[in-house]
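# Geometric and topological summary
Here's the letter readout for the chains.
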Amino acid sequence: MQSSITTYGFNRSFCDATLDELGQGVYFTQTSELAVSKYCKEDVQKQKYLFLSKVITGEFIKGTAKSRVPPCIDSAKPEVLYDSVVDDSSNPTTFVIFNDTQAYPEYLIVVQS
């Protein structure tokens, strides 16, 4: 998967379908500890891979399970959506984006388990 991300960037259609507690998008965290413990899967060589990424989070709101897009900011303007969703609006640690161009994979980090 990391070679695909390195070549093409993030693509939410390849995301883990079981990981949808905040929505069906691409998940990013502010801490490597959380990323490694919760979101990285170990390969056969007992390694985990994570990307240090630049992510445009913009205006955000708390996410909900199985959302395919972020909610609208104002019901009078349903076409204007939040840019991302988070785990906690007042102190976010996990961000979910729904537009693949909002993130750039800058560095690949390999962690030996």
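Right above here is the structure, for reference.
Basis of the calculations
Going along each chain's sequence as written, the residues are numbered from 1 onward. Per-residue local features of the predicted model are confined to residues with pLDDT of at least 70, and side-chain atom pairs are confined, for both listing and counting, to 80 or more; whole-chain, interface and lining totals are unaffected and use all residues. The side-chain numbers reported here are obtained from all heavy atoms of the structure, hydrogens and water having been left aside. Paired strands, as defined in this entry, are two strands with at least two bridges between them according to DSSP. Helical segments are the DSSP runs of H or I of at least four residues, strand segments are the runs of E of at least two, and each set is numbered from the N terminus. Aromatic rings from Phe, Tyr and Trp, with only the six-membered ring used for Trp, were paired whenever their centres fell within 6.5 Å, and each pair was classed as stacked if the ring planes differed by under 30 degrees, edge-to-face if by over 60, and tilted otherwise. To sort residues, take the accessible area from a 1.4 Å probe on protein chains only and compare it with the maximum for the residue type: under 20% means buried, over 50% means exposed, and anything in between is partly exposed. A pair is scored as a salt bridge if a Lys or Arg side-chain nitrogen falls within 4 Å of a carboxyl oxygen belonging to Asp or Glu.

On to the pairing of strand S5 (residues 77-81), then. Bridge analysis of strand S4 (residues 72-74) against S5 gives two bridges, and the strand direction is antiparallel. If you follow Asp74 over to S5, its bridge partner there is Lys77.

This part takes up the packing of aromatic side chains. Tallied over the entire structure, the rule returns four aromatic pairs. Taking 6.0 Å as the distance between ring centres and 80° as the angle between the ring planes, the aromatic pair formed by Phe10 and Phe51 counts as edge-to-face. A residue pair is termed long-range when its members are at least 10 positions apart, and Phe10 in the loop between helix H1 (2-8) and strand S1 (26-29) and Phe51 in strand S2 (residues 47-55) qualify at 41 residues. Pair check on accessibility: Phe10 and Phe51 agree, each one buried.

Let us now look at unusual backbone geometry. A positive phi angle is found at Lys46, which is not glycine, with a value near 65°. Tracing the backbone through its elements, the reader meets Lys46 in the loop between helix H2 (32-39) and S2. In this structure, Lys66 is a non-glycine residue whose phi angle is positive, near 65°. Relative to the helices and strands, Lys66 resides in the loop between strand S3 (60-62) and S4.

So, about the pattern of salt bridges. A full pass over the atoms with the stated rule returns four salt bridges. With a shortest N-O distance of 3.0 Å, Asp20 and Lys66 are connected by a salt bridge. In this pair, Asp20 is assigned in the loop between H1 and S1 and Lys66 in the loop between S3 and S4, connecting sequence segments 46 residues apart. With relative accessibility at 13%, the residue Asp20 sits in the buried group. Taking the relative accessible area as the measure of exposure, Lys66 reaches 55% and is therefore exposed.

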